[in-house]
Amino acid sequence: MEIKKTSLNKLHQSNNAKFVEFAGYEMPIQYSKGIIEEHKFTRSNSGIFDVSHMGQLFIYGDESLTEELEKIFPLDLKNLKQNCSKYSFLMNEDAGIYDDLIITKIEEGYLIILNAACKDKDFEILSNLLGSKFKMNLDNNRSLIAIQGPKSVEILNSIINGVDQLNFMTGNWFDSDNQKLFVTRSGYTGEDGFEISISNDKAEKFVENLIEKGAQLIGLGARDTLRLEAGLCLYGHELDINKTPVEANLRWAISKSRLSKGGFIGSKKIMNQMQDGASQIRVGIKPEGRLIAREKTKIFDDTDTQIGEITSGTFGPSVNGPIAMGYVNKKFSKVDTKILLEVRGKKHPANVCALPFYKKNYVKGVN
Amino acid sequence: MSEVKFSKEHEWITLEGDVATIGITKHATEMLGDIVFAELPEKGSNVEKDGTAGVVESTKAASDVYTPVSGEVVDTNQAIVDDPSKINEDPEGSAWFFKLKMKDQSELDSLMNKEEYDKFAKESAS
């Protein structure tokens with residue numbers, strides 16, 4: 001199968017991107033400055049991320065769509081206000097996660113942002129569940145650009161006036177340069193920022209404009225170190241079909257009103273796990289010293305019994321040390337529990353720690 | 001000090017008396033990206049030509065460091081363990097990895113000179 005390219009591919013090339021294949025797309029892993037500088041620039045200034053490989057699924061419908069979607073997602077969609085976003089999951093009957101996603105209520109229905117590697121399968125699953133009652137469009141004509149970091153609000157507002165009035169996890173349509181953009185205040189870095197849905201033919205010019213105002217292109221490498229410092233899950237690593245939201249320590253994302261009544265796919269399993277506890281749970285892990293424990297590193301207790309596995313591990317540039325997330329048996333999941341990580345045949349000490357590794361406050365009270 | 005020689009695994013080596021100094025090339029650091037972890041062989045241990053003699057990790061991945069010649073490890077560079085970013089800054093100078101007391105100096109004969117290595121690196125990168 002031919003590798004797919006986003007509408008910013010030429011711009012990446014002219015900015016000296018190193019490319020990797022990711023979910024069938026040719027994507028920039030880094031630019032000439034490298035992952036650490038790109039990471040730090042995002043934390044201190046404003047980074048631009050091409051996330052056009054992700055799925056933008058528009059589903060059109062009225063209250064009957066809301067009712068149908070409540071049978072699928074563990075959310076109180078009836079009480080979700082228009083232009084508000086929620087983090088959620090598409091699950092199977094065993095509460096195994098097909099994908100994690102952001103769903104936003106829009107005037108015409110819902111917009112769901114899906115992972116690149118899952119979007120086609122998600123579309124199939126949702127089509128089967130919803131039948132042909134609602135118009136669904138996995139929109140390939142739109143690019144998705146994220147801008148993240150403390151200077152992003154000022155930079156973006158100078159191009160799209162009014163985005164500074166958005167609260168975190170809300171969005172709206174904006175007019176700019178004779179076109180309609182859907183902008184949400186959200187992101188995947190632990191910083192304040194926005195994601196902009198824009199038609200493909202306008203994306204390059206829009207990003208050039210952001211660069212002119214002082215933002216810089218950031219690759220997938222720094223996107224990974226940024227999200228890991230922020231304690232955020234990456235599908236295919238922390239989340240997959242064999243993990244449930246309770247095991248992934250994401251029960252906060254399940255609406256309280258839905259927990260008592262159930263009625264969504266996977267609700268039985270989730271209610272059982274909420275009552276009896278899950279046997280394994282996602283935790284933050286801080287290796288002692290400088291050692292990096294990568295994905296699939298085995299975790300042991302002090303009696304040489306394996307108690308879990310790392311799902312993501314890297315060097316955190318803002319933390320200035322190694323960081324990881326993984327799953328451990330529940331009794332080892334308390335903060336400050338001492339564990340051992342087997343790296344290259346030797347066991348190294350580490351501690352279970354609270355997430356995130358790096359924290360800033362999101363913008364909540366602008367209006 | 002002898003002429004700098006290079007291995008296909010992207011290590012450089014110089015010889016002073018019977019002690020060789022070994023590090024990784026600038027080309028290697030450019031391929032690896034930001035280096036954030038270095039592990040070196042233990043002083044007093046013996047390493048064999050083409051065997052592993054350490055690890056470097058970048059933000060992206062871990063890579064083994066090989067030794068281009070055999071010998072006893074007589075010194076290691078703690079400065080790059082304490083601050084691995086030094087390897088990106090000066091890979092072919094102050095950020096050497098370890099020093100070996102060589103057993104068989106003829107092991108150097110099969111290694112590349114600068115011109116040969118530059119050509120090799122250019123070809124292997126493309």
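1. Section: the overall build of chain B
Okay, so step 1: Looking only at helices and strands, chain B has four helices and nine strands in total.
Okay, so step 2: On the principal axes, the C-alpha backbone points of chain B span a range of 35 × 30 × 25 Å.
Okay, so step 3: By the burial criterion, 41% of the 126 residues in chain B qualify as buried.
Okay, so step 4: Relative to all contacts within chain B whose residues are 6 or more apart in sequence, the contacts with residues 24 or more apart total 61%.

2. Comments concerning the overall build of chain A
Okay, so step 1: Assigned secondary structure in chain A consists of nine helices and 19 strands.
Okay, so step 2: A compact globule built from 367 residues should have a C-alpha radius of gyration of about 21 Å, and chain A, at 21 Å, falls within 12% of that.
Okay, so step 3: Taken along the three principal axes of its C-alpha coordinates, chain A extends 65 × 50 × 45 Å.
Okay, so step 4: Among the 367 residues that make up chain A, the fraction classed as buried is 43%.
Okay, so step 5: Counting contacts in chain A only where the partners sit at least 6 residues apart, residues at least 24 apart contribute 66% of the total.

3. A closer look at the sheet that holds strand S6 (residues 52-58) of chain B
Residues and elements named next belong to chain B.
Okay, so step 1: On the basis of which strands lie adjacent, the open sheet formed by three strands has the order S4-S6-S7 and antiparallel pairing. The open sheet terminates on both sides in strands that have one partner only, identified here as strand S4 (35-39) and strand S7 (62-66). For this sheet the average axis-to-axis angle between neighbouring strands, irrespective of direction, equals 25 degrees.
Okay, so step 2: As paired strands, S4 and S6 are joined by four bridges and run antiparallel to one another. Its bridge partner lying in S6, alanine 38 is registered against valine 56.

4. Some remarks on the interface of chain A and chain B
Okay, so step 1: Taken together, the 13 residues of chain A in the interface contact nine residues of chain B.
Okay, so step 2: Elements represented by at least two residues in the side of chain A that touches chain B include exactly helix H2 (35-44), helix H7 (220-229) and strand S16 (306-316) of chain A.
Okay, so step 3: Here the side of chain A that touches chain B is built from residues that sort into five nonpolar, five polar and three charged.

5. A few points about the sheet that holds strand S14 (residues 280-287) of chain A
All names here are of chain A.
Okay, so step 1: As summarised here, the arrangement of the six strands in space is S14-S17-S16-S15-S18-S19, forming a closed barrel in which the pairing is antiparallel. Shown here is a sheet whose adjacent strand axes are inclined to one another by a mean of 45 degrees, direction ignored.
Okay, so step 2: Across the sheet, H7 touches S16 and strand S17 (321-329), and the angle it forms with S16 is around 125 degrees.

6. Considerations on the environment of threonine 14 of chain B
Okay, so step 1: When you line up the elements, threonine 14 of chain B lands in strand S2 (residues 11-16).
Okay, so step 2: In this structure the C-alpha to C-alpha distance between threonine 14 of chain B and serine 2 of chain B, which are twelve residues apart in sequence, comes to 5.7 Å.

7. A word on the environment of leucine 259 of chain A
Residues and elements named next belong to chain A.
Okay, so step 1: Secondary-structure assignment places leucine 259 in helix H8 (residues 256-261).
Okay, so step 2: Exposure remark for leucine 259: the 15 C-beta atoms within 10 Å place this residue in the partly exposed category.
Okay, so step 3: Here the alpha-carbon distance between leucine 259 and methionine 271, two residues twelve residues apart in the chain, equals 6.8 Å.
Okay, so step 4: The residues touching leucine 259, leaving out its near neighbours within four places in the chain, are Ile254, Met271 and Met274.

8. Overview of the environment of serine 7 of chain A
All names here are of chain A.
Okay, so step 1: By the element assignment, serine 7 lies in the segment before helix H1 (9-14).
Okay, so step 2: Taking the C-beta count within 10 Å as the criterion, serine 7 has 19 such neighbours and is therefore assigned partly exposed.
Okay, so step 3: For the pair serine 7 and glycine 47, spaced 40 residues apart in sequence, the C-alpha to C-alpha distance is 18 Å.
Okay, so step 4: Setting aside residues no more than four positions away along its own chain, serine 7 makes contact with Ser52, Ser143, Asn200, Ala203 and Glu204.

9. So, the confidence of the model for chain B
All names here are of chain B.
Okay, so step 1: Of the residues in chain B, 98% reach a pLDDT of 70 or more, and the chain-wide mean stands at 94.
Okay, so step 2: For chain B, helix H4 (residues 114-125) is the element with the lowest average pLDDT, namely 91, and strand S8 (residues 71-76) is the one with the highest, namely 98.
Okay, so step 3: For this predicted complex, the interface score ipTM comes out at 0.82, alongside a pTM of 0.93.

10. Observations concerning unusual backbone geometry
All names here are of chain A.
Okay, so step 1: With omega at -5 degrees, the peptide bond leading from leucine 355 into proline 356 counts as cis.
Okay, so step 2: Inspection of the secondary structure puts proline 356 in the segment after strand S19 (346-353).
Okay, so step 3: If you check the backbone angles, alanine 23 has positive phi at about 50 degrees while not being a glycine.
Okay, so step 4: The class of alanine 23 is partly exposed, set by 15 C-beta atoms lying within 10 Å.

11. Points about H7 of chain A
Residue and element names in this part refer to chain A.
Okay, so step 1: Within H7, eight of the ten residues are buried, leaving the element largely enclosed by the surrounding structure.
Okay, so step 2: When H7 is considered as a whole, its buried residues turn out to be Gly221, Ala222, Arg223, Asp224, Thr225, Leu226, Leu228 and Glu229.
Okay, so step 3: Residue glycine 231 follows H7 closely and has a positive phi angle near 70 degrees.

12. Let's talk about the pairing of strand S5 (residues 85-91) of chain A
Residues and elements named next belong to chain A.
Okay, so step 1: Buried residues dominate S5, accounting for five of its seven residues.
Okay, so step 2: Here seven bridges tie S5 to strand S6 (residues 97-106), and the two strands are oriented antiparallel to one another. Paired with lysine 86 across the two strands is isoleucine 103, which belongs to S6.
Okay, so step 3: A loop of five residues connects S5 with S6, the two strands running antiparallel in sequence, and alanine 95 in this loop sits at a positive phi of about 65 degrees.

13. Considerations on the pairing of S19 of chain A
Residue and element names in this part refer to chain A.
Okay, so step 1: As paired elements, S14 and S19 share four bridges and run antiparallel to each other. Residue lysine 286 lies in a different strand from S19, and its bridge partner there is asparagine 351.
Okay, so step 2: The pairing of strand S18 (residues 338-343) with S19 spans six bridges and is classified as antiparallel. When the bridges of S19 are listed, isoleucine 339 appears paired with alanine 350.
Okay, so step 3: Joining the antiparallel neighbours S18 and S19 is a turn of two residues, in which arginine 344 adopts a positive phi near 50 degrees.

About the cut-offs
Residues numbered from 1 in each chain as written. Chains lettered and ligands numbered in written order. Predicted model: local features only at pLDDT ≥ 70, side-chain atom pairs only at ≥ 80, totals over all residues. Helix = DSSP H or I, 4+ residues; strand = E, 2+ residues; numbered from the N terminus. Buried ≥ 20, exposed ≤ 12 C-beta atoms within 10 Å, placed from the backbone. Contact = placed C-beta atoms within 7 Å. Rg over C-alpha atoms; globule rule 2.2 N^0.38 Å. Pairing = 2+ DSSP bridges. Axes fitted to C-alpha atoms, helices over the stretch in contact; angles between N-to-C directions. Nonpolar A, V, L, I, M, F, W, Y, C, P; charged D, E, K, R; others polar. pLDDT = per-residue confidence, 0-100.

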